[in-house]
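Read off the chains here:
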Amino acid sequence: MRVIVAPYAGFCFGVERALKIVENVVQRAKLPVYTWGPLIHNKIVVEKLQSEYGVIPIREFEHPPGYLILRTHGVPPEVVDEAKRKRFIVVDATCPFVAKVHRYVKLLMDEGYAVVIAGDKLHPEVRATLGYVGGGAYVVDDREATSRIPVCKKIGVVAQTTMRLDIYKEIISVLVTKCEELKIFNTICDATIRRQEAGIKVANNVDVMLVVGDRQSANTRQLTDMIKRANPRTYHVEGPEEVNPSWFNDAECVGVTGGASTPSWLIDKVVDKVKSFRQ
Ligand code: SF4
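A.B. asks: Before we go on, may I ask you to explain the pairing of strand 12 (residues 253-258) in this structure?
C.D. replies: Walk down a regular strand and you will see the side chains alternate between the two sheet faces. Among the six residues in strand 12, six count as buried, and that is most of the element. Along strand 12, one buried face is formed by Cys253, Gly255 and Thr257 and the opposite face, lined by Val254, Val256 and Gly258, is buried too. Judged from the four bridges that link them, strand 1 (residues 2-5) and strand 12 form a sheet pairing that is parallel. Residue pairing across strands places Val3 opposite Val254, the latter belonging to strand 12. When strand 10 (residues 208-212) meets strand 12, the two strands line up parallel, connected through five bridges. Across the sheet, Val211 pairs through a bridge with Thr257, a residue of strand 12.

Put into structure tokens, the structure is as follows:
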């Protein structure tokens, strides 16, 4: 059975960067090291950071002060203020593409636009972004939710970095009917689009496709949905133990990709598992 790993599978720039930041802090830290929530949406990596480097994810400040690393998805500004008040040393590992979204929503608010965030209101990235406008933004994830936004003079819109481009376009097409002036920022991350395109291309040419990544990871779930439309024999697995040999009946070629928070060593383990089912 032939196995093809899609280009761009695994860690993106923002995740690589955050892990390097953690590594640097751990090497010189004489105080405890924390992250605000999980550093990335991959529990295997987060558990490894805790067991090997003692990096603890926290959600409140009832801990002895130490270094507080802000995760790739960003955190609301009030968390940073509170951390400083409680004498934590704040280290910012927010992905620069996410930080750019924070700057844009602030700018829109300062310029008097009604701010719309296209994304999932429960996702930590969107919750952090909302914090930059004091919660004063509409969060929508589809055409129907967008249609409920009242008519305004000026609307400014940003997208969650992992938003699907086709859904963002639909949201924009509704917004344009709601105002005199619409300011659009394309904040969808290139890494997401490149990974999706490369995954779909591979999925079109294989019998079975596997997407490796945590079920908590929005970009991995979205990647799976998109690839599944190209190839219905697509399966989302968190690791090699979930790979089921019955998926590969009659398969000659298998494709593998991984979400932005999936380490390459985990993708390799899935590849090895598939190869072990040699026919
Ligand atoms: S997917 Fe894009 S926005 Fe998200 S962390 Fe990676 S590089 Fe940054």
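A.B. asks: What should I look at first to understand the packing of aromatic side chains in this one?
C.D. replies: Across all of its chains, the model carries eight aromatic pairs by this definition. Between Trp247 and Phe248, the ring centres sit 6.3 Å apart and the planes meet at 65°, which makes this aromatic pair edge-to-face. Here Phe248 falls in the buried class, since its relative accessible area comes to 1%. By the ring-pair criterion, three or more aromatic residues cluster together here, those being Tyr34, Trp36, Phe61 and Phe88. Positioned above the aromatic ring of Tyr113, the side-chain terminus of Lys154 is 4.4 Å from the ring centre.

A.B. asks: Quick question: what am I supposed to make of the domain arrangement of the chain here?
C.D. replies: When the parts of a complex come together, some accessible area is lost, and that lost area is often used as the size of the interface. For the chain, the assigned domains are domain 1 (2-10 + 190-275), domain 2 (13-94) and domain 3 (97-184). Of note, the centres of domain 1 and domain 2, computed from C-alpha atoms alone, are 29 Å apart. Taken together, the contact between domain 1 and domain 2 spans ten residues of the former and eight residues of the latter. A combined buried area of about 750 Å² lies between domain 1 and domain 2, and 55% of that area is made up of carbon and sulfur atoms. When the buried surface of domain 1 facing domain 2 is broken down by residue, Asp214, Ser261 and Trp265 rank first, second and third, together holding 53% of it. The tally of links from domain 1 across to domain 2 stands at two salt bridges. Residue Asp214 pairs with Lys43 through a salt bridge whose shortest N-O separation is 3.5 Å. Connecting domain 1 to domain 2 are five residue pairs in polar contact (both at pLDDT 80 or more).

A.B. asks: Help me understand the nonpolar core, please; the structure alone is not making it clear to me.
C.D. replies: Side chains that are nonpolar tend, in soluble globular proteins, to be buried together. In this structure, Val25, Leu39 and Ile69 are the most contacted members of the largest nonpolar core, which totals 20 residues. For this core, the secondary-structure elements that each account for two or more residues are helix 1 (13-28), helix 2 (43-53) and strand 4 (67-70).

Reading the values: the criteria
- Residues numbered from 1 in each chain as written.
- Predicted model: local features only at pLDDT ≥ 70, side-chain atom pairs only at ≥ 80, totals over all residues.
- Heavy atoms only, no water.
- Buried < 20%, exposed > 50% of the residue type's maximum accessible area, 1.4 Å probe, protein only.
- Helix = DSSP H or I, 4+ residues; strand = E, 2+ residues; numbered from the N terminus.
- Pairing = 2+ DSSP bridges.
- Phe/Tyr/Trp six-rings, centres within 6.5 Å; stacked < 30°, edge-to-face > 60°.
- Lys NZ or Arg CZ within 6 Å of the ring centre and 35° of its normal.
- Domains from an automatic or database assignment.
- Contact = heavy atoms within 4.5 Å.
- Buried area = accessible area lost by both parts, 1.4 Å probe.
- Salt bridge = Lys/Arg side-chain N within 4 Å of Asp/Glu carboxyl O.
- Polar contact = N/O pair within 3.5 Å; in protein donor to acceptor, adjacent residues only side chain to side chain.
- Core = buried A, V, L, I, M, F, W, Y, C linked by side-chain atoms within 4.5 Å.

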